[in-house]
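# Remarks on the overall topology
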Amino acid sequence: MPEVPGISIDGSSRRVSLDVRDPAFFRNPLPAYAALHEQCPAFFWEERQQWYFAGYDQVNGLLRDRRFGRQILHVATRDELGMPEPKPHLKDFDALEAHSLLELEPPAHTRLRTLVNRAFVSRQIEQLRPEIEALSHAVIDSFEKSGEVELLKTYAETIPVTIIARMLGIPVEAAPRLLDWSHRMVRMYVFNPSFETELDANQASADFATFLTDVIAEKRPNPGDDLLTHMITSEKDGERLSDAELISTTVLLLNAGHEATVHQIGNAVRTILQSGLSPADLFASEASTERVIEECLRFAAPLHIFQRYALTDIELDDGIALKRGDKIGLMLGAANVDPRKFSAPDTFKPDRDEGPNVSFGAGLHFCIGAPLARLELNISLPILFRRLPGMRLKHEPQVKDSFHFHGLERLEVAW
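Residues numbered from 1 in each chain as written. Predicted model: local features only at pLDDT ≥ 70, side-chain atom pairs only at ≥ 80, totals over all residues. Heavy atoms only, no water.

The name recorded for the protein chain in an unreviewed UniProt entry is Cytochrome P450, from Sinorhizobium terangae. Checking UniProt for the protein chain, the heading Cofactor (unreviewed entry) contains the comment "heme". (UniProt positions renumbered as here; feature names shortened; annotations may be inferred.)

What follows is the structure, given as structure tokens:
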């Protein structure tokens with residue numbers, strides 16, 4: 001196999017050196033993924049000093065494997081694991097993480113998810129269709145006559161953050177602040193965040209929590225028909241969510257409710273425009289639209305890595321031995337282009353029907369917002385291409401220097 005920029009593979013030892021800051025890699029990781037699939041889809045990443053998995057079956061299986069979890073301190077102490085103490089300057093960020101649905105394991109996860117899940121089942125989400133359609137048209141109305149626009153901030157950001165804010169019952173006028181706090185917080189999830197990034201994320205967390213504390217205090221005596229009111233008033237087994245749980249869950253829903261969808265709208269528009277295929281044909285029916293959206297999610301996933309802790313000592317079938325507390329990385333973006341699962345995986349094939357992608361995860365922590373994200377994509381993208389049939393890229397979009405979240409810096413289009 002020809003040499004691939006940014007990656008060095010020793011197939012016999014399954015040791016891999018991979019530079020996530022190499023533009024040749026983060027702009028287009030597909031050649032590196034192809035090399036991993038050919039030589040060692042399960043590998044020890046030297047720079048990260050942990051095992052990573054790129055194969056579809058392994059990633060899909062490990063996401064569902066209850067021997068792994070999103071947290072570890074519910075089964076072992078920091079001393080037992082040799083884990084460093086929390087950083088004092090991340091106190092506010094860590095406080096939000098402590099009660100985050102994304103980070104919890106049963107029974108705490110079960111209790112929280114049960115209280116929130118009702119609002120995110122498909123039949124509830126489907127009721128948002130008219131609202132998403134109206135919003136999509138209104139946003140396009142605001143820029144259609146200009147003949148060009150930067151699409152990420154005007155369209156891709158506006159729709160998801162507006163919908164999730166309305167669902168929660170948070171003033172939509174606060175959207176710019178919500179976006180700012182969210183962007184600053186999610187920078188913590190990339191590899192090796194700087195001290196400055198940590199300080200900034202902590203400040204954003206503190207400001208976000210203060211804002212939500214005020215919103216919750218206002219809603220208690222003035223309940224509305226919204227998700228936040230539902231979370232405040234709902235009980236399970238005689239228990240209600242504490243303020244800390246309410247704040248953490250709301251932050252997660254706001255952040256997760258738009259970050260990945262923003263990236264996916266941008267990635268999908270770029271993919272479709274660069275494919276040379278006819279958008280009118282791609283979005284000719286509901287069925288073809290669904291296939292196109294799923295293929296965009298597979299081909300240009302918005303999130304490329306999810307991590308898990310080994311909750312006990314484990315030996316996997318391929319001889320990889322893990323100790324309790326070891327972290328593993330599950331490469332969602334790579335699993336989606338596994339040639340053992342998908343034919344011509346590095347080709348965008350909108351009529352593909354070869355099984356589900358893993359862009360929303362799987363198992364216990366399958367993305368609770370997947371039905372909402374899918375609905376937003378299935379509505380906003382066809383409307384965009386129908387309203388702007390001559391849309392084209394002004395120039396090659398720049399990919400963000402962030403491996404975890406695969407998205408664009410800007411998306412400038414003209415018509």
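### Digging into the state of the cysteines
Taken as a whole and judged by the stated rule, the model has zero disulfides. Looking at Cys-296, it has no disulfide partner, and the nearest cysteine sulfur is the one in Cys-367, 17 Å off. (Disulfide = S-S within 2.5 Å.)

### Observations concerning the sheet that holds strand 1 (residues 7–10)
Read from one edge of the open sheet, seven strands run 1-2-3-4-10-7-5, paired in mixed fashion. If you trace the sheet from one side to the other, it starts and ends with strand 1 and strand 5 (68–69), each paired once. Running at roughly 0 degrees to strand 1, helix 2 (residues 30–39) makes contact with strand 1, strand 2 (15–18) and strand 3 (42–45) of the sheet. Sheet strands in contact with helix 3 (residues 56–64) are strand 3, strand 4 (50–53), strand 5, strand 7 (306–310) and strand 10 (327–330), and its direction is about 130 degrees off that of strand 10. (Pairing = 2+ DSSP bridges. Helix = DSSP H or I, 4+ residues; strand = E, 2+ residues; numbered from the N terminus. Contact = heavy atoms within 4.5 Å. Axes fitted to C-alpha atoms, helices over the stretch in contact; angles between N-to-C directions.)

### Looking at the layout of surface pockets
Empty space within the second largest pocket amounts to approximately 780 Å³. Every residue lining the second largest pocket is counted, 32 residues in all, and those nearest its centre are Arg-187, Val-190, Lys-400, Asp-401 and Ser-402. Listed by contribution, the elements that provide at least two residues to the lining of the second largest pocket are helix 9 (151–156), helix 11 (175–186) and helix 15 (259–275). A per-element tally of the lining of the second largest pocket places helix 15 first, with three residues. (1 Å grid on protein atoms, 1.4 Å probe; cavity = no way out; pocket = protein on both sides within 12 Å on 5 of 7 lines; lining within 4 Å. Points joined across faces, edges and corners; volume = space filled by probe spheres on them.)

### With respect to the packing of aromatic side chains
Under the counting rule described, the total for this entry stands at 15 aromatic pairs. An angle of 65 degrees between the planes, with centres 4.7 Å apart, marks the rings of Trp-45 and Tyr-52 as edge-to-face. One exposure class covers both Trp-45 and Tyr-52, and it is buried. Here the aromatic rings of Trp-181 and Phe-211 are separated by 5.5 Å at their centres, their planes lie at 50 degrees, and the arrangement is tilted. Of the two residues, Trp-181 sits in helix 11 while Phe-211 sits in helix 12 (residues 195–219), which places them 30 residues apart along the sequence. (Phe/Tyr/Trp six-rings, centres within 6.5 Å; stacked < 30°, edge-to-face > 60°. Buried < 20%, exposed > 50% of the residue type's maximum accessible area, 1.4 Å probe, protein only.)

### Details of the pairing of strand 7
Strand residues, when the strand is regular, have side chains that alternate between the two faces of the sheet. Counting buried residues in strand 7 gives five out of five residues, a clear majority hidden from the surface. Residues Phe-306, Arg-308 and Ala-310 point to one face of strand 7 and Gln-307 and Tyr-309 to the other, with burial holding for every one of them. One ladder, built from two bridges, connects strand 5 with strand 7; its direction is antiparallel. Looking at strand 7, one finds that Phe-68 is bridged to Ala-310. As defined by bridge partners, strand 7 adjoins strand 10 across four bridges and the pair is classed as antiparallel. Looking at strand 10, one finds that Phe-306 is bridged to Leu-330.

### Description of helix 15
When the terminal C-alpha atoms of helix 15 are compared, their 24 Å separation across 17 residues agrees well with the 24 Å that a helix rising 1.5 Å per residue should span. Downstream of helix 15 by a residue or two, Gly-276 has a phi angle that is positive, lying close to 75 degrees. (Expected span 1.5 Å × (residues − 1).)

### Examining the sheet that holds strand 6 (residues 148–150)
One open sheet holds the three strands; their spatial order is 6-12-11, and the pairing between them is antiparallel. Two strands close off the open sheet at either side, each with one partner strand: strand 6 and strand 11 (392–393). One ladder, built from three bridges, connects strand 6 with strand 12 (residues 412–414); its direction is antiparallel. Along strand 12, the bridge assignment pairs Val-149 with Val-413.

### Remarks on the side chain of His-404
By the element assignment, His-404 lies in the loop between strand 11 and strand 12. Within the structure, the side chain of His-404 is placed 3.0 Å from the backbone oxygen of Tyr-189, a separation counted as a polar contact. If sequence neighbours within four positions are ignored, His-404 has contacts with Tyr-189, Val-190, Phe-191, Pro-302, Leu-303, His-304, Ile-305 and Gln-307. (Polar contact = N/O pair within 3.5 Å; in protein donor to acceptor, adjacent residues only side chain to side chain.)

### Describing the packing of helix 5 (residues 91–98) against helix 12
Between helix 5 and helix 12, the shortest axis-to-axis distance is 7 Å and the interhelical angle comes to 60 degrees. Between helix 5 and helix 12, the angle is such that the two are oblique. Regarding helix 5 and helix 12, the two cross each other, and that crossing is left-handed. On helix 12, the residues touching Lys-91, Asp-92, Phe-93 and Leu-96 of helix 5 are Ala-201, Asn-202, Ser-205, Ala-206 and Ala-209. Taken together, the residues that form the contact of helix 5 with helix 12 break down as five nonpolar, two polar and two charged. (Parallel < 35°, antiparallel > 145°, perpendicular 65-115°, else oblique. Left-handed = near helix turned anticlockwise from the far one by under 90°. Nonpolar A, V, L, I, M, F, W, Y, C, P; charged D, E, K, R; others polar.)

### Quick notes on the pattern of salt bridges
Counted according to the given criterion, the structure contains 27 salt bridges. Ionic pairing is found between Lys-87 and Glu-198, a salt bridge with its closest N-O pair at 2.7 Å. Taken together, the residues span a long stretch of sequence, with Lys-87 in the loop between helix 4 (78–81) and helix 5 and Glu-198 in helix 12 at a distance of 111 residues. Between Arg-352 and Glu-295 there is a salt bridge, with the nearest N and O atoms lying 3.0 Å from each other. You can see Arg-352 sitting in the loop between helix 18 (332–335) and helix 19 (370–387) and its partner Glu-295 sitting in helix 17 (residues 286–299), a full 57 residues away along the chain. (Salt bridge = Lys/Arg side-chain N within 4 Å of Asp/Glu carboxyl O.)

### Here's the deal with unusual backbone geometry
The peptide bond linking Pro-106 to Pro-107 adopts the cis configuration, its omega dihedral lying at 5 degrees. Examined against the element boundaries, Pro-107 turns out to sit in the loop between helix 5 and helix 6 (108–117). Located in the positive-phi region is Arg-14, a residue other than glycine, with phi close to 60 degrees. Residue placement: Arg-14 occurs in the loop between strand 1 and strand 2. On the basis of relative accessibility, which here comes to 22%, the residue Arg-14 falls in the partly exposed class. Of note in the backbone geometry, Asn-192 takes a positive phi value of approximately 50 degrees without being a glycine. Summarising the element assignment, Asn-192 is placed in the loop between helix 11 and helix 12.

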